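Structural features, examined
The residues making up each chain are set out below.
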Amino acid sequence: MKYAKAIYASLIVFFLIAPLLVILPLAFTSSAFLTYPIPSFSTRWFEELVVNSVWSRAILNSLIIATATTALATVLGTLAALGLRSQDLGMKSQIRTMFLLPMVVPAVVLGVGMQSLFVRLGINSSYWSVIIAHTVVAMPFVVISVSGALTGIDRRVERAALSLGAPPWKVFSLVTLPLAMPGVLSGAALAFATSLDEVVLTLFVAGPNQRTLARQMFSTLRENISPAIAAAAFIIIVGTVLIALALMLARRRRG
Amino acid sequence: MSENFIRFQKVTKDYGTVRVVEDLDLDIARGEFVSLLGPSGSGKTTLLMMLAGFESVSGGAIVLDGQKINDLPTHKRDMGVVFQNYALFPHMTVAKNVAFPLEMRGTAKAEVASRVQKALDMVQLGHLSDRLPGQLSGGQQQRVALARALVFEPRVVLMDEPLGALDKQLREQMQLDIRDLHHRLGLTIIFVTHDQDEALTMSDRIAVFNHGQIQQCASPREVYDHPSNRFVAEFIGETNLLEGTVSAVSGETLSLTLPGGTVFQSHGLAGFRPGDKGLLSLRPERIDIYATAPEGVNCLTGEVTDTVYQGDHLRIVIETAAGRIIARINRKAAEWANGAKVTLGFRAQDGWVIAP
């Protein structure tokens, strides 16, 4: 039985990471095509990412947009989660559903709506339009993750802080926020990953100057299937794994 | 010593349409240890939460040291609160927890350190100051919570069932510790509990709550010996209740005639007049059991139907003409077999007549 479970788990894990195992080695191919077999190993496609201004610009854009999105979504999502925790808020579950809606609404629908809204506001095809669009889809992850952390906080601990002479803003900064920090950090990481990964909304609201890495990979796939895609994917995956590891370490240190 | 350090004046609390505290009056003196005792849902915790500022007051006034504090925010009330689940800050060390109220008051660093050390030594935890709360036992955590609530010398200390989560032995030890701190530091303590033994052990006065009202507020001895009504008599300790009619009143002694015609002489509440219905509350340990009727005491005959061994005492169940009576006798007294015919006796001052 124990072996059966282990085999079953291994198969699931394999199923999940098999696509990565297929694509990642191609990042190191010396061939000009994204196909097996690999003639010899080389780092030319990583050099391409740096040297070719289209790719390096896309990487820079992704970092700018993902960082801004993370900051915005984390602040707003945390505030929303705090508000949803308030005891005298009516229609709490309806409001919560509203906050989570961007996760379930089809991205295409959201994209069309945002594009026409941003055009009317005169901010379409700008960094702001992409950052706002990404924030909308990233915020639900922060709301969920911070809400989860907040439910784990005993209100009596905050009451104790109040009774010991801490004004409400100090209770928040010294007690509530530090205790919710693991949730805030994982929310931020999810927001960052969401932004990095976003293609559909970006297609609608980004101009040629806001081409993100994901968007660039998407169009390269259609135009010429270059192994630079695999190299870019490699970078994204390594980056994501590093963030996840950093989070795990931070959490472990907290005990 | 100001007599009315804390005053509750016609305090009311409503949750929607439910009234959990109703027109409540209570005065507490500086340095007094008052327990709020009652079943769950009786309003005692709500009253404490209103005093701490965690709950708003729906009606009436709470006055602290001459100042109405209904709308004073919690962090300005200067009250130390100890919660049942300790409510320590899990991400701060023991020393940081205890230093928190001092830092909030802007106390100088050196003084914070020495006062924290003193407070922790007071609860015998000076050696654990660098631990996190999660690394301590329940009893140790509660002592840290106590040190944290006392270190800033609050005007009042509020305790919400602080010993409820501890096991019996630890609880009894902490009861004595808190009582000792109360005497030593001259603290004003308001202590919520549903455990009557705890209230009897620790308090200067006990306020017995039911349905959002105080049924009686008096010393432990008074509450136990001279309950003001049936609820108090039944809630605190165990008692036998016998219904009858008051047939005569002379000074503090009443004559109560039971339905079978037996007449008892007993002390009781003031205000009874001949002809009133009365309820005799008779504590099991105040009853003696005799083989033959003695002189000068109230007597009632009956038959022993059961004896329950309780370690330090025996509970004897006796069926009488007036109903089933439970007596509690010392292990040194004679034991009785089931079916034995016995006479129960009690002195007038050991009974207490209340309104039915």
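Look a little higher up for the structure.
Calculation criteria
- In this convention, every chain numbers its residues from 1, walking through the sequence in written order.
- For naming, the first written chain is A and the first written ligand is 1, with later ones following in the order written.
- At least 70 in pLDDT is required for a residue's local features to be given in this predicted model, at least 80 for side-chain atom pairs to be given and counted, and no such filter applies to totals for whole chains, interfaces and linings, which use all residues.
- Side-chain descriptors were evaluated using all non-hydrogen atoms of the structure, hydrogens and water having been removed beforehand.
- Helix and strand assignments come from DSSP, with helices taken as H or I runs of at least 4 residues and strands as E runs of at least 2, each series counted from the N terminus.
- Burial classes follow relative accessibility: with a 1.4 Å probe on protein chains only, a residue under 20% of its type's maximum area counts as buried, one over 50% as exposed, and anything between as partly exposed.
- In this description, contact between two residues means that some pair of their heavy atoms is separated by no more than 4.5 Å.
- His residues and chain termini do not enter the charge count, which takes Lys and Arg as positive and Asp and Glu as negative.
- By convention, the charge on Lys lies at NZ, on Arg at CZ, on Asp at CG and on Glu at CD.
- One fewer than the residue count of a helix, multiplied by 1.5 Å, yields its expected span.
- Each polar contact in these results corresponds to two N or O atoms within 3.5 Å; when the atoms are within protein, one needs to be able to donate a hydrogen and the other to accept it, and residues that are neighboring in sequence are counted only if both atoms are side-chain atoms.
- Method remark: on a 1 Å grid restricted to protein atoms, a set of points is classed as a cavity if a 1.4 Å probe fits but cannot get out and as a pocket if it is open with protein on both sides within 12 Å along at least five of seven lines; lining residues have an atom within 4 Å of a point.
- Grid points are joined across faces, edges and corners, and a volume is the space filled by probe spheres set on the points.
- Any residue that is not Ala, Val, Leu, Ile, Met, Phe, Trp, Tyr, Cys, Pro, Asp, Glu, Lys or Arg is counted as polar, Gly included; the first ten are nonpolar and the last four charged.
- Paired strands are those between which DSSP finds at least two bridges.
- Only the stretch in contact is used when a helix axis is fitted, and all axes are lines through C-alpha atoms; the angle between N-to-C directions ranges over 0 to 180 degrees.

To continue, consider the overall build of chain A. Of regular secondary structure, chain A possesses 11 helices and 0 strands. Traced from its N-terminal end to its C-terminal end, chain A shows the element sequence α-α-α-α-α-α-α-α-α-α-α. Judged by the C-alpha coordinates and their principal axes, chain A covers about 70 × 60 × 30 Å. For chain A, buried positions account for 41% of its 255 residues. In chain A, 69% of the contacts between residues at least 6 apart in sequence involve partners at least 24 apart. For chain A, the distance from the average position of its 19 positive side-chain charges to the average position of its 8 negative side-chain charges is 9 Å.

To continue, consider helix α3 (residues 53-85) of chain A. End to end, α3(A) covers 47 Å across 33 residues, agreeing with the expected 48 Å (1.5 Å per residue, within 8%). Of the residues flanking the start of α3(A), the one acting as N-cap is Asn52(A), its side-chain oxygen 2.9 Å from the backbone nitrogen of Val54(A).

Next up on the list: empty space enclosed by the protein. Take a probe with the size of a water molecule and roll it over the atoms, and the empty space left behind shows itself. With the rule as written, the count across this model stands at 2 cavities of 30 Å³ or more. Of the volumes computed, that of the largest cavity is approximately 40 Å³. A class-by-class count of the residues in the lining of the largest cavity yields 8 nonpolar, no polar and no charged.

Residues and elements named next belong to chain B. An order of β2-β1-β4-β5 is seen for the 4 strands of this open sheet, with the pairing classed as antiparallel. Two strands lie at the open edges of the sheet, namely β2 (18-28) and β5 (67-68), each paired on one side alone. As judged from the 5 bridges shared by strand β1 (residues 6-15) and strand β4 (residues 59-64), these two strands associate in the antiparallel manner. The residue bridging Gln9 from the neighbouring strand is Ala61, located in β4. Contacts from helix α1 (residues 44-52) reach β1, β2 and β4 within the one sheet, and its direction differs from that of β1 by about 115°.

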